[in-house]
Amino acid sequence: MKKNTGIMVVVALAALMVGIGEASIYFVNPYSYGSEVSIGAYGADYSLQASAPTEYNVISFDNHGVSPVEELIVCLDDSGYHIRIVKELELRGFENVVLAEPGELLEYMSGDVSGKAILFPFGLFPEEIYSGNASDPLFADWLDEGGSIYWFGCSEIPDDAYLLPFGLAAESFNTSSASEAVSRSGDICTQLCLRSDNVYHGLRSDIGTPLAYVSESGYSSITAMKASEGTMVFIAGDMDDDFASDCAQIIAAGITYATTVLDYSAGIADGSTSGQLTYSASAEDNVTVYVQMGGYYTVYGQRFQSASA
Amino acid sequence: MGDCAEQRSSAHAIGAFLRRPVVLLLIAGIIARAVLIPLATYNYDISFWATTIQHNQSGYGLYGLSGYYYTPVWGYVLGSLGLLANFLFGIGSYGTIADPLLPVLGAEWEYYGKMVVSPGFSLLVKSFLALVDVACAYLIYVLVKKLGYSDGKAALALGLWFVCPIVIYSSAAQATFDNVSIMFMLLTLVLILDGRYMTAGAMFCLASFTKFFPAYLIFIFIVCVLRRHEDRRAQLKALSYAASGFLVMAFLIFLPQFMNGTAAEAFGFVVSRVSKISVPTESLWGIISSVGNLIVVVLQPLIFLLELVIAFFAYRLTEKAFKDKLTVLLLLSSAAVFLWTPTPTYLLLILPFLICVVATAETPEQKRYILPLVSIAVTATIYAITMNSFGLFFQDSIYYGLVSPETILNGIEWLDAEVAIGVTRQTVLNIVMGAAVSISIYSVFLAYICNRKKEKSAEEGCE
């Protein structure tokens, strides 16, 4: 039997490696993360828990009176892409998601829509919602009342008449799929560890607020802009993993067209870690604090907001 | 005086040991890996391993979130590596986006990526893969011994694997997991030769569901099982044991996916490769890749047929001929998988058998296979370096400051420059080296055909 010992040792070690990995992923997950944030007049105190050393970012935002998204309505399509986004949102502690067929959207577009957003997948808006007129429900019942939109755009850019109520034109969008060099748009991109660099179908970077990356040719991969009384977020690219993750990150963090970064803290959380962010008293009522762990490989996210944010 | 004599004797023994060819080869292999692992990291693939571990940590398993496209075995291995990374080595950061290098995203070549993994993470993953290289080297040694060859030839085979450039590059620079699949494949073969069929079946399952390529060898492996027994009942019993080992392991591997309803996602790699055939693209290399994927699909029936023919031929040989030709038959079976131009690291499938043939070669005809071995080892490595190019230095630049971003960007700009309308230098290099790799693969068949012709001439001469 001695001649088989070496082989069986290799078999055992390999099987152990596979078995322990499988068990840790599916049966006895040893990883856990948590956070608590207390938002005060001049700053926010945070406390983080992580079962193993993990990068963290804690960011305080001023939304300047604009309500962050509390409820997301996803307009369903055939692609199933929304499933990725919903799971990424769950990972970040955002679970107030409603799935609706295009014909059902009107039912949700009534009453107080402030703090609500509709996510439209790739393509034109459903005709019941918007067909090119500023009096259509998308404006009359939603954007004019403070509702928000997340839109993944179109492969064939609509004509100017369709885009006019948004203050846009066909030439506002990038129609070239060629690879482009990009750079970060600012603090939100850095602190939220956004990854979406593809500007195909993106909006011109001088329109609204670029949130992620901006190309040399002047287009933005993710843009937030004020649309009537609400926020409209344009998401470029081709519905890949980075865009699903970043879309979820922006929603979970409560980013609006008016959001600015107040303060941030970053480091490695191991066991219990605590710290403090500071800001001026005038920002207190509009403060949102977002905790994320994992850096560019997000494993946890949670939003905290002041009572009137 | 006695002590001095003993010390001189020990020193002499150590010196003699270190001068042994296989020891020198091992030392060379260790040095090469020790240099490459910290200093050359191709981030594209390894950043996906970080994403997989991230998803495991977040509690979504391998397929709950999008980002892992292989069958589960490598994902489970990554799960174990994640445990080591977090709870033993305290690696808190897996990587970052390299701002100074973001301009590379404007290059036509899409495979530089923007993520740069952290040194701690890449060191862990690549060190593990280097250990797998050691395991494969050992298994090749055992295989050659089990086939009836001497210690010297077995040691030579071990050494040739360990210093093979593409083997070193795959684990120490590119961090791909082809060697994990090869390890399970070698275990399968060794266990078959040992008559441990159930364990062999389980290892074959692990090999095939780490990377699919070993699955192509199923026919020749079945023949190896059958040839160990003359009695039909014994053959069926042996195959039953192997099949049951395979099925039990498959059940254990895919149990979580059955429970979570994500079994289809486990085969997403196959679907994504086929779907890339029709993805619209503006670049010449994109068109070449798309056509290449189509060729892969079209060649599958021919490859399947070749595997059957080789296995049938093997089954009909006399006992002595089967034993003499087994390594060549395994070599032909593995080479037949790549009638198309593969990613260079895939060629690790061929190398154990090619190395065995070369290490055990005694006649000029057998030594003819040295040329394909050198050719594949060199062209595959150069092809890999060509495709990875300056991407190998991202980590050196961002984390160590050893290479300036300007040097990398200038190098990539040079590769991205057009030599003709729509044709960049990168595309030209890829085409040239891809063709060289394919010619190297076909040289295996060429060597076999030349040897067969010579054999037949010799037989006719005897008659």
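Here the structure is a predicted model, which is why all the values come from computation and not from measurement.

Peer 1: Mind showing me how you'd approach the overall build of chain B here?
Peer 2: The secondary structure content of chain B amounts to 20 helices and 4 strands. Principal-axis analysis of the C-alpha atoms gives chain B an extent of 75 × 70 × 50 Å. Counting only residues that meet the buried cut, chain B has 54% of its 463 residues in that class. When the accessible area of chain B is evaluated, it comes to approximately 19,400 Å², of which 69% is carbon and sulfur surface.

Peer 1: How should the sheet that holds strand E3 (residues 71-75) of chain A be read in this particular structure?
Peer 2: Residue and element names in this part refer to chain A. What the 7 strands build is an open sheet, ordered E4-E3-E5-E6-E13-E12-E9; its pairing is mixed. Either end of the sheet is taken by a strand with one partner, and the two such strands are strand E4 (97-100) and strand E9 (209-210). Where helix H2 (residues 81-91) meets the sheet, its contacts fall on E3, E4 and strand E5 (116-120), and the angle it forms with E4 comes to roughly 170 degrees.

Peer 1: What's the story with the side chain of Asn-286 of chain A in this structure? I'm lost.
Peer 2: Residues and elements named next belong to chain A. Its place among the elements puts Asn-286 in the loop between strand E14 (260-278) and strand E15 (287-293). Residue class for Asn-286 comes out buried when judged on its relative accessible area of 18%. Separated by 2.8 Å, the side chain of Asn-286 and the backbone nitrogen of Gly-65 make a polar contact.

Peer 1: So what exactly am I meant to see when it comes to the domain arrangement of chain A here?
Peer 2: You'll often see interface size given as the accessible area lost when the parts meet. According to the domain assignment, chain A contains domain 1 (1-30) and domain 2 (66-257). Each of domain 1 of chain A and domain 2 of chain A has a C-alpha centre, and the two are 46 Å apart.

Peer 1: Just to check I follow, could you spell out unusual backbone geometry for this structure?
Peer 2: Working note: non-glycine residues mostly have negative phi, and peptide bonds are mostly trans. All names here are of chain A. For Cys-193, which is not glycine, the phi dihedral falls at a positive 55 degrees. Mapping Cys-193 onto the fold places it in the loop between helix H6 (187-191) and strand E8 (203-204). Backbone geometry at His-201 places phi at a positive 75 degrees, although glycine is not the residue there. Relative to the assigned elements, His-201 resides in the loop between H6 and E8.

Peer 1: Explain empty space enclosed by the protein to me, please; I cannot follow it from the model alone.
Peer 2: If you roll a probe as big as a water molecule over the atoms, it shows you where there is empty space left. Applying the stated criterion across every chain yields a total of 5 cavities of 30 Å³ or more. Estimated volume of the largest cavity: approximately 60 Å³.

Peer 1: What's the story with the interface of chain A and chain B in this structure? I'm lost.
Peer 2: Between chain A and chain B, the residue contacts involve 50 residues of the former and 68 residues of the latter. Carbon and sulfur atoms supply 63% of the area buried between chain A and chain B, which totals about 4,800 Å² over both sides. Joining chain A to chain B, the criterion identifies 3 salt bridges. In this structure, the salt-bridge partner of Lys-114 of chain B is Asp-242 of chain A, at a minimum N-O distance of 2.8 Å. Between the two partners, chain A and chain B, sit 21 residue pairs in polar contact (both at pLDDT 80 or more). At the level of elements, helix H1 (2-26), strand E2 (43-62), H2, strand E7 (182-184) and helix H7 (241-253) of chain A are the ones that each hand at least two residues to the side of chain A that touches chain B. At 15 residues, the largest contribution of residues to the side of chain A that touches chain B is made by H1 of chain A. Tallied by class, residues from the side of chain A that touches chain B come to 27 nonpolar, 11 polar and 12 charged.

Peer 1: Can you walk me through a negative patch on the surface in this structure?
Peer 2: All names here are of chain A. Where like charges cluster on the molecular surface, the negative patch consists of Asp-112, Asp-141, Asp-144, Glu-145 and Glu-229. Relative to the assigned elements, Asp-141 resides in helix H4 (residues 137-142). On the basis of relative accessible area, Asp-141 is assigned to the partly exposed category, the value being 32%.

Peer 1: Could you clarify how one ought to interpret the confidence of the model for chain B in this entry?
Peer 2: Where the model shows low pLDDT, its predicted coordinates should not be examined in detail. Per-residue confidence for chain B gives a mean pLDDT of 92, with 94% of residues at or over 70. Taken together, the chains of this predicted complex give a pTM of 0.93 and an interface ipTM of 0.92.

Peer 1: Just checking my understanding: could you explain the environment of Leu-191 of chain B for this structure?
Peer 2: Looking at where Leu-191 of chain B falls in the secondary structure, it is placed in helix H8 (residues 178-194). Leu-191 of chain B sits in the buried class, given a relative accessible area of 0%. For the pair Leu-191 of chain B and Ile-303 of chain B, spaced 112 residues apart in the sequence, the C-alpha separation amounts to 26 Å. If sequence neighbours within four positions are ignored, Leu-191 of chain B has contacts with Ile-7, Met-8 and Val-11 of chain A together with Arg-196, Thr-199, Ala-200 and Met-203 of chain B.

Peer 1: For this particular structure, what's the right way to read the packing of aromatic side chains?
Peer 2: How two aromatic rings sit relative to each other is set out by the distance from centre to centre and by the angle between their planes. On inspection of all chains with the given rule, the structure shows 43 aromatic pairs over all chains. Three or more aromatic residues joined by ring pairs make a cluster, and in this case those are Phe-120, Phe-125, Tyr-130, Phe-139, Trp-151, Tyr-162, Phe-166, Phe-173 and Phe-234 of chain A. A cation sits over an aromatic face here: Arg-195 of chain A above Tyr-297 of chain A, 5.4 Å from the ring centre. Its end group placed over the ring of Phe-177 of chain B, Lys-211 of chain B keeps NZ or CZ at 4.8 Å from the ring centre.

Peer 1: Mind showing me how you'd approach the packing of H2 of chain A against H7 of chain A here?
Peer 2: The description of two helices packed together rests on the angle between their axes and the distance between the axes. All names here are of chain A. In contact at an axis separation of 8 Å, H2 and H7 are set at 45 degrees when each is read in the N-to-C sense. In terms of their interaxial angle, H2 and H7 are classed as oblique. H2 and H7 meet at a crossing whose hand is right-handed. Residue-level inspection shows Tyr-81, Arg-84, Ile-85, Glu-88 and Leu-89 of H2 in contact with H7, the latter providing Asp-241, Phe-243, Ala-244, Ser-245, Cys-247, Ala-248, Ile-251 and Ala-252.

Peer 1: So what exactly am I meant to see when it comes to the environment of Trp-340 of chain B here?
Peer 2: Residues and elements named next belong to chain B. Checked against the element boundaries, Trp-340 lands in the loop between helix H14 (319-336) and helix H15 (351-359). On the basis of relative accessibility, which here comes to 10%, the residue Trp-340 falls in the buried class. Counting along the chain gives 69 residues from Trp-340 to Leu-409, while the straight-line C-alpha distance between them is 32 Å. When sequence neighbours within four positions are dropped, the list of residues in contact with Trp-340 reads Phe-213, Ile-295, Val-296, Leu-299, Gln-300, Ile-303, Tyr-346, Ser-438 and Ile-441.

Peer 1: Is there a simple way to explain the pairing of E4 of chain A in this structure?
Peer 2: The side chains of a regular strand alternate between the sheet's two faces. All names here are of chain A. Only one face of E4 is covered, namely the one carrying Val-98 and Ala-100; the face carrying Val-97 and Leu-99 has none of its residues buried. Examined bridge by bridge, E3 and E4 share 4 bridges and lie parallel to one another. Of the residues in E4, the one forming a bridge with Val-74 is Leu-99. Regarding the hand of the β-α-β motif, the stretch spanning E3, H2 and E4 is right-handed.

Peer 1: I would appreciate a short explanation of H14 of chain B in the present structure.
Peer 2: The periodicity of an α-helix, 3.6 residues per turn, causes residues three or four places apart in sequence to face the same way. Residue and element names in this part refer to chain B. Helix length check: H14, at 18 residues, gives a terminal C-alpha distance of 24 Å against a target of 26 Å (1.5 Å per residue), a fit within 8%. At Lys-325, H14 is deflected by roughly 55 degrees, the largest bend along its length. Here H14 lies mainly inside the structure; 13 of its 18 residues are buried.

Peer 1: Where do I start with the nonpolar core in this structure?
Peer 2: Nonpolar side chains in soluble globular proteins tend to be buried together. Within the largest apolar cluster, 199 residues are counted, with the highest numbers of intra-cluster contacts made by Tyr-150 of chain A together with Trp-74, Phe-121, Trp-161, Phe-184, Phe-338 and Leu-351 of chain B. Ranked by residue count, the leading element in this core is helix H5 (residues 119-146) of chain B, at 14 residues. Ignoring sequence-local partners within four residues, the contact set of Trp-161 of chain B consists of Asp-133, Cys-136, Ala-137, Ile-140, Val-167, Ile-182, Leu-348, Leu-351, Pro-352 and Ile-355 of chain B. Phe-120, Phe-125, Ile-129 and Ile-207 of chain A belong to the second-largest nonpolar core, a separate cluster that totals 31 residues.

Peer 1: Any chance you could explain a nonpolar patch on the surface here in plain terms?
Peer 2: All names here are of chain B. Residues Ile-27, Ile-31, Val-35, Leu-39, Tyr-399, Tyr-400 and Leu-402 make up a contiguous nonpolar surface patch of roughly 610 Å² in combined accessible area. Only helix H2 (21-39) and helix H18 (394-400) provide two or more residues apiece to the nonpolar patch. With 4 residues, the top contributor of residues to the nonpolar patch is H2. Relative to the assigned elements, Leu-39 resides in helix H2.

Conventions adopted
Residues numbered from 1 in each chain as written. Chains lettered and ligands numbered in written order. Predicted model: local features only at pLDDT ≥ 70, side-chain atom pairs only at ≥ 80, totals over all residues. Heavy atoms only, no water. Helix = DSSP H or I, 4+ residues; strand = E, 2+ residues; numbered from the N terminus. Buried < 20%, exposed > 50% of the residue type's maximum accessible area, 1.4 Å probe, protein only. Areas by Shrake-Rupley, 256 points an atom, 1.4 Å probe, with all protein chains shown as cover. Pairing = 2+ DSSP bridges. Contact = heavy atoms within 4.5 Å. Axes fitted to C-alpha atoms, helices over the stretch in contact; angles between N-to-C directions. Polar contact = N/O pair within 3.5 Å; in protein donor to acceptor, adjacent residues only side chain to side chain. Domains from an automatic or database assignment. 1 Å grid on protein atoms, 1.4 Å probe; cavity = no way out; pocket = protein on both sides within 12 Å on 5 of 7 lines; lining within 4 Å. Points joined across faces, edges and corners; volume = space filled by probe spheres on them. Buried area = accessible area lost by both parts, 1.4 Å probe. Salt bridge = Lys/Arg side-chain N within 4 Å of Asp/Glu carboxyl O. Nonpolar A, V, L, I, M, F, W, Y, C, P; charged D, E, K, R; others polar. Patch = residues over 30% accessible without salt bridge, like charges linked within 9 Å, V, L, I, M, F, W, Y side chains within 5 Å. Lys, Arg positive; Asp, Glu negative; His and termini not counted. Charge placed at Lys NZ, Arg CZ, Asp CG, Glu CD. pLDDT = per-residue confidence, 0-100. Phe/Tyr/Trp six-rings, centres within 6.5 Å; stacked < 30°, edge-to-face > 60°. Lys NZ or Arg CZ within 6 Å of the ring centre and 35° of its normal. Parallel < 35°, antiparallel > 145°, perpendicular 65-115°, else oblique. Left-handed = near helix turned anticlockwise from the far one by under 90°. Right-handed = clockwise from strand over helix to strand, strands pointing away. Expected span 1.5 Å × (residues − 1). Bend = angle between axes of the 7 residues up to and from the residue. Core = buried A, V, L, I, M, F, W, Y, C linked by side-chain atoms within 4.5 Å.

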